[in-house]
Amino acid sequence: MAAGAAIAAALLLRPDRPIGRLRRRYGTATSRFVRLRNGVVVHVRDEGPRDGPAIVLCHGMLGDVAMWDAWARALRPRYRVIRFDWPGHGLTWAPPSYRHTVQGGCALLRELLHLWDVEAPIIGGQSLGADIAWRYALAEPERVAGLILVNASGWPDSRLGYKAAAMAWRALKSRRLRRLLGALEPGPFVYLTSWMTFFPSRPPTSVVHRYRDLLLHPLHRCALGELLSGWDERPPATRASLRTLRAPVLVLHGAADLAVPAAHARAFASAIDGAELHVLAGAGHLLPMTHPAKTVALVERWLDRLDFRPGSTQELEHRPVE
């Protein structure tokens, strides 16, 4: 019996990975770590000309800055491209006192833009990142020059599968359950989620391994549980609220997206005056990764038609954090 318990523990439980090891493996020469007032240490990559127009890219749930690699390579010759990991994701560390919510993401984005002295960037987001981006634009309309919403979440979802999942996620309001989640091997969850979000493409093995490794970052699994536990409590997008957006908006979505149906993209586009919509046939939930060339071309054409203010020339301060 003791041997069986030991085998089960070895299969089901997984300790955190040391932060230093994860940074050495997944950090890059342009990685910077900035400590905010609330104790969060944010992993940032700030590339391109400092006097160029600023584009801030916000990844989705389970993702990290690498989601935008192809976009950054294409855009950074002309634009200042800033991307960062949300708390509970990638190489960003958040203290146990941090509350992982969409509203908290808006507050963090506000502080980062103030820190960088970027007054009115284009903000692009995928899924969770797009959800936070459009909410931020509603709250701070003068501080956003434009929005790129990729597979955006936040529109009311009436699918039975989504409602069943949301009911299950509410159980994670229990701290005991979140602590249990924080000790479990994340591999099966990452594998299933990757298959769903990459569909109809196949998830690259390297990406699955990366996502699993980064979920072993200290406190990330507990953070995921807290974020999911309140997922169905977010105020939904409405036509009345989105109608107040005055910044130009580009909406990109995959026709085969299993996580967020393409009908939601059409709803966003129809609710926002002047929004440009592209729904890609045969594409799923992770367009910047599965269809980088097509989406970058659409983004560059859209940006060429805009005239927005240059980003700040302030160099992002590197604050080493051990």
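Worth saying up front: this structure is predicted, and the values here are computed from it rather than measured.

Undergrad: Hey, could you go over a nonpolar patch on the surface for me, with residue numbers and the actual values?
TA: A surface patch of nonpolar side chains, about 320 Å² in accessible area, is lined by Tyr191, Leu192 and Trp195. Examined against the element boundaries, Tyr191 turns out to sit in helix H8 (residues 187-198). Since its relative accessible area comes to 44%, Tyr191 is described here as partly exposed.

Undergrad: Can you lay out the sheet that holds strand S4 (residues 80-84) for me, pointing to particular residues and giving the numbers?
TA: One open sheet accounts for 8 strands, arranged S1-S2-S4-S3-S5-S6-S7-S8; its pairing is mixed. One side of each edge strand has no neighbouring strand; the edge strands of this open sheet are strand S1 (31-35) and strand S8 (276-280). Here the strands of the sheet are splayed against their neighbours by 20 degrees on average, with no regard to which way each runs. Bridge count for strand S6 (residues 146-150) against strand S7 (residues 249-254) is 4 bridges, and the pairing is parallel. For Leu147, the partnering residue across the bridge sits in S7 and is Val249.

Undergrad: Hey, could you go over empty space enclosed by the protein for me, with residue numbers and the actual values?
TA: If you walk through the whole model with that rule in mind, you get 1 cavity of 30 Å³ or more. The space that makes up the largest cavity amounts to roughly 200 Å³. Around the largest cavity, the lining is made up of 23 residues, and of these Trp86, Pro87, Gly88, His89 and Leu227 lie nearest the centre. Elements supplying a minimum of two residues to the lining of the largest cavity: helix H4 (102-116), helix H5 (128-139), helix H9 (205-215) and helix H10 (220-229). Top element by residues in the lining of the largest cavity is H10. It accounts for 4 residues. Of the residues assigned to the lining of the largest cavity, the class counts are 13 nonpolar, 9 polar and 1 charged.

Undergrad: How would you explain the packing of helix H2 (residues 19-26) against H9 if you had to name every residue and give the values?
TA: Packing of H2 against H9 brings their axes to within 10 Å, and their N-to-C directions diverge by 155 degrees. Classified by the angle their axes make, H2 and H9 are roughly antiparallel. Where H2 crosses over H9, the handedness of that crossing is left-handed. Contact with H2, carried on its side by Leu22, Arg25 and Tyr26, involves His209, Arg210, Asp213 and Leu214 of H9 and no other residues of that element. Across the contact of H2 with H9, the residue classes tally to 3 nonpolar, 1 polar and 3 charged.

Undergrad: Could you give me a rundown of the layout of surface pockets, with the residues and numbers involved?
TA: With a probe scaled to a water molecule rolled over the atoms, the places where space remains empty come into view. Reported here for the largest pocket is a volume of approximately 790 Å³. Looking at the largest pocket, it is lined by 37 residues, and the ones nearest its centre are Tyr162, Trp169, Met196, Trp231 and Ala259. It is H8 that provides the largest number of residues to the lining of the largest pocket, a total of 6 residues. For the lining of the largest pocket, the class distribution of residues is 20 nonpolar, 11 polar and 6 charged. Approximately 300 Å³ is the volume attributed to the second largest pocket. Taken together, 18 residues make up the lining of the second largest pocket; nearest its centre are Pro96, Arg99, Arg178, Cys222 and Glu226. For the lining of the second largest pocket, the secondary-structure elements that each account for two or more residues are helix H7 (175-181) and H10. A total of 4 residues in the lining of the second largest pocket trace back to one element, the largest contributor, which is H10. When its residues are assigned to classes, the lining of the second largest pocket shows 9 nonpolar, 4 polar and 5 charged.

Here is what the cut-offs are and how they apply
Residues numbered from 1 in each chain as written. Predicted model: local features only at pLDDT ≥ 70, side-chain atom pairs only at ≥ 80, totals over all residues. Heavy atoms only, no water. Patch = residues over 30% accessible without salt bridge, like charges linked within 9 Å, V, L, I, M, F, W, Y side chains within 5 Å. Areas by Shrake-Rupley, 256 points an atom, 1.4 Å probe, with all protein chains shown as cover. Salt bridge = Lys/Arg side-chain N within 4 Å of Asp/Glu carboxyl O. Helix = DSSP H or I, 4+ residues; strand = E, 2+ residues; numbered from the N terminus. Buried < 20%, exposed > 50% of the residue type's maximum accessible area, 1.4 Å probe, protein only. Pairing = 2+ DSSP bridges. Axes fitted to C-alpha atoms, helices over the stretch in contact; angles between N-to-C directions. 1 Å grid on protein atoms, 1.4 Å probe; cavity = no way out; pocket = protein on both sides within 12 Å on 5 of 7 lines; lining within 4 Å. Points joined across faces, edges and corners; volume = space filled by probe spheres on them. Nonpolar A, V, L, I, M, F, W, Y, C, P; charged D, E, K, R; others polar. Parallel < 35°, antiparallel > 145°, perpendicular 65-115°, else oblique. Left-handed = near helix turned anticlockwise from the far one by under 90°. Contact = heavy atoms within 4.5 Å.

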